[in-house]
Amino acid sequence: DGLDLSSLEERVAALEDAASGAALGYFEQTPVGPMNGSNPLFSLDTTPVLLLLTLNGQLLTPGGNDYTLTGSNIIYVTGKIPASTDSHYASGLS
């Protein structure tokens with residue numbers, strides 16, 4: 001069950017409002033790393049306190065289901081590793 005981008009924007013906006021300026025928000029940041037179908041490790045500019053990660057428009061589940069987050073590093077599980085034709089975006093609060 002994926003979310004369309006407008007729903008994702010609304011969720012991020014609501015989270016930013018709830019944070020009342022206590023955290024910095026970002027929307028559709030592209031995680032950095034080679035997208036070649038075999039590299040599972042990508043990084044973000046900052047360490048998030050909340051992360052919404054999408055792959056080809058589908059919201060991914062953290063905690064080892066689709067990816068794990070360690071600091072500012074995203075590690076995709078096998079079967080979710082982005083290929084060169086995929087798109088993946090990170091939105092959230094840091």
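Look above for the structure.
The shown structure was predicted, so the numbers you read here are calculated from the model rather than taken from an experiment.

1. Topic: the nonpolar core
Right, so step 1: Listed in full, the 12 residues of the largest apolar core are Y26, F42, L44, L51, L53, L55, L60, Y67, I74, Y76, I81 and A90.
Right, so step 2: For this core, the elements supplying multiple residues, two or more each, are strand 3 (50-55) and strand 6 (73-76).
Right, so step 3: The greatest single-element share of this core, amounting to three residues, is contributed by strand 3.
Right, so step 4: Setting aside chain neighbours within four positions, we find A90 in contact with Y26, F27, E28, Q29, P31, L44, L51, L52 and L53.

2. Describing the environment of P48
Right, so step 1: Inspection of the secondary structure puts P48 in the loop between strand 2 (41-43) and strand 3.
Right, so step 2: The class of P48 is buried, set by a relative accessible area of 10%.
Right, so step 3: Contacts of P48, omitting those with residues within four sequence positions, involve Y26, L69, G71, S72, L93 and S94.

3. Examining the pattern of salt bridges
Close approach of charged atoms lets side chains of opposite charge pair.
Right, so step 1: Evaluation of the coordinates by the stated rule reveals one salt bridge.
Right, so step 2: Residue K80 pairs with D66 through a salt bridge whose shortest N-O separation is 3.8 Å. Of this pair, K80 sits in the loop between strand 6 and strand 7 (88-93) while D66 is found in the loop between strand 4 (58-59) and strand 5 (67-70), placing the two residues 14 residues apart along the sequence.
Right, so step 3: Of the residues examined, D66 reaches a relative accessible area of 11% and is grouped as buried.

The rules behind these values
- Residues numbered from 1 in each chain as written.
- Predicted model: local features only at pLDDT ≥ 70, side-chain atom pairs only at ≥ 80, totals over all residues.
- Heavy atoms only, no water.
- Core = buried A, V, L, I, M, F, W, Y, C linked by side-chain atoms within 4.5 Å.
- Buried < 20%, exposed > 50% of the residue type's maximum accessible area, 1.4 Å probe, protein only.
- Helix = DSSP H or I, 4+ residues; strand = E, 2+ residues; numbered from the N terminus.
- Contact = heavy atoms within 4.5 Å.
- Salt bridge = Lys/Arg side-chain N within 4 Å of Asp/Glu carboxyl O.

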